[in-house]
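What follows is each chain in one-letter form.
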Amino acid sequence: MNKDYFNGKVVWITGASSGIGEALAFTLATFGARLILSARSIDKLEAVRRNLPCDKENVKILPLDLSSTLELPSRTKEALAAFGRVDIMIHNGGVSQRSRAIDTKMEITETIMSTNFFGAVAITKELLPSMVRQGSGHFVVISSVMGKFGAQYRSSYAASKHALHGYFDSIRMEHVGDNIRVTMVVPGYIRTNVSANAFEADGSKHGRLDAGQARGMSPEICAKKIVKAVAARKPEVLVGGFEVMGVLAKRWCPALLNWILPRTHVDG
Ligand SMILES: NC(=O)c1ccc[n+]([C@@H]2O[C@H](COP(=O)([O-])OP(=O)(O)OC[C@H]3O[C@@H](n4cnc5c(N)ncnc54)[C@H](OP(=O)(O)O)[C@@H]3O)[C@@H](O)[C@H]2O)c1
């Protein structure tokens, strides 16, 4: 892997307080990146920063709430001021869902869309002009297999992740000539708190580790696969176990997926 791709680069990671984002911070710190770490929880971000194997001068904490999209332009200006530039933006912060569409409150759907989609858009719109000026940039977008097909109990989450693909595939096309890259990351089951933090229909937390996540890939291995794909400037990468085959089934044999999924247990 080309670890030099990250050396000295400024990498801003949202959702850096736990799970995949925390593991990405650790891996990128060992590769010499300068880091900006964002999430809502300052305490958790500080704990992540303390444990990183690098000079702490090279790590800035920038708390933010992705669902407060109106505040994100000014947070992005702060991120740009931290080291004078952002080279790689990792849109990783997000929240999942464990409820049927028929039961899910509209405001929960709106919060999921803001957190997972509009938050990333607000940051991207503010960052793009600086990347165009500096003549380079790389967006790394943590989607999901739910960004490629829908499943029961995931309607709003799947919608938010599908939206990321449409938006960032378009950004890739619009900025080919500006040396701005996009890597879409499509994880299957990764062993994090994502199911515990997921919304139920009324907005309460699901609160438990689902079977899928429990048997999932470790966030550390996931992070290594992500940085390898980013360094190789891949446009898209699938990361996970057998469940990522669903993406191939949707593409090449959708009738099979439409038959199998309703007969498959999905944690709800
Ligand atoms: N684990 C999986 O199986 C899996 C599979 C496919 C895709 N993904 C995606 O991977 C990404 C990372 O999730 P994870 O698995 O690492 O789960 P996680 O441990 O729950 O991490 C989610 C991260 O997002 C942050 N976050 C949540 N809501 C936020 C908000 N409103 N504003 C700012 N930050 C917010 C959380 O920090 P705070 O709570 O401190 O704000 C946390 O750092 C997500 O986009 C998720 O959809 C995960």
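In every chain, residue numbers begin from 1 and rise along the written sequence. For this predicted model, a pLDDT threshold of at least 70 governs which residues receive local features, and a threshold of 80 or more governs which side-chain atom pairs are given and counted, while totals over whole chains, interfaces and linings are taken from all residues. Side-chain calculation: all heavy atoms of the structure are included, whereas hydrogens and water are not.

Participant: Looking at this model, I keep getting lost on the overall build of the chain. Mind explaining?
Facilitator: Helix numbers and strand numbers start at the N terminus; a helix is a DSSP run of H or I with at least 4 residues, a strand a run of E with at least 2. Assigned secondary structure in the chain consists of nine helices and seven strands. For the radius of gyration, the atoms used are the C-alpha atoms, and the globule rule reads 2.2 Å times the number of residues raised to 0.38. Compactness check: the chain gives a C-alpha radius of gyration of 18 Å against a globular reference of 18 Å for 268 residues, within 12% of the reference. Oriented by its inertia axes, the alpha-carbon framework of the chain measures out at about 50 × 40 × 30 Å. We call a residue buried when its accessible area falls under 20% of the maximum for its residue type, exposed when it is over 50%, and partly exposed in between, using a 1.4 Å probe and counting protein chains only. Split into buried and exposed, the 268 residues of the chain put 51% on the buried side.

Participant: Looking at this model, I keep getting lost on the site of the ligand. Mind explaining?
Facilitator: Proximity criterion: a residue is near a molecule or strand once any of its heavy atoms comes within 4 Å of it. Ser-17, Ser-18, Asn-92, Tyr-157 and Thr-192 are the nearest of the 31 residues found near the ligand. Two N or O atoms count as a polar contact when they lie within 3.5 Å, although within protein this holds only if one can serve as hydrogen donor and the other as acceptor, and sequence-adjacent residues are included solely when both atoms are side-chain atoms. Side-chain polar atom of Tyr-157 to an oxygen atom of the ligand: 2.5 Å apart, as the coordinates give it. Within the contact set of the ligand, an oxygen atom lies 3.4 Å away from a backbone nitrogen or oxygen of Gly-188. Out of a free accessible area of 880 Å², the ligand has 95% covered by protein chains. We call Asp, Glu, Lys and Arg charged. Ala, Val, Leu, Ile, Met, Phe, Trp, Tyr, Cys and Pro are nonpolar, and the rest, Gly among them, are polar. Its residues placed into classes, the shell around the ligand shows 11 nonpolar, 17 polar and three charged. In this description, accessible areas are obtained by the Shrake-Rupley approach with a 1.4 Å probe, and a residue is regarded as covered only by the protein chains that are shown.

Participant: Explanation requested: the pattern of salt bridges in the structure shown.
Facilitator: If charged atoms from side chains of opposite charge come close, those side chains can pair. We define a salt bridge as a side-chain nitrogen of Lys or Arg found within 4 Å of a carboxyl oxygen belonging to Asp or Glu. Evaluation of the coordinates by the stated rule reveals eight salt bridges. Its salt-bridge partner being Asp-87, residue Arg-85 comes within 2.8 Å of it at the nearest N-O pair. Its relative accessible area of 28% is what places Arg-85 among the partly exposed residues. A salt bridge links Arg-100 to Asp-103; its shortest N-O distance comes to 3.4 Å. The class for Asp-103 is partly exposed, based on a relative accessible area of 43%. One network of salt bridges, with partners in common, ties together Glu-71, Arg-75 and Glu-78.

Participant: Explain the nonpolar core here, please?
Facilitator: What is meant by a nonpolar core is a set of buried Ala, Val, Leu, Ile, Met, Phe, Trp, Tyr and Cys residues, joined one to another through side-chain atoms within 4.5 Å. Ranked by internal contacts, the top residues of the largest apolar core, which has 37 residues, are Phe-6, Ile-13, Leu-35, Leu-37 and Ile-226. Considering each element in turn, this core owes the most residues, seven residues, to helix α7 (residues 219–231). Sequence-distant contacts of Ile-226, that is, excluding residues within four places in its chain, are made with Ile-20, Leu-24, Val-140, Ile-142, Val-185 and Val-239. Grouped together as the second largest cluster of nonpolar side chains are 29 residues, Ile-36, Leu-64, Ala-120 and Ile-171 included. The criterion used for residue contact is that any of the two residues' heavy atoms lie within 4.5 Å.

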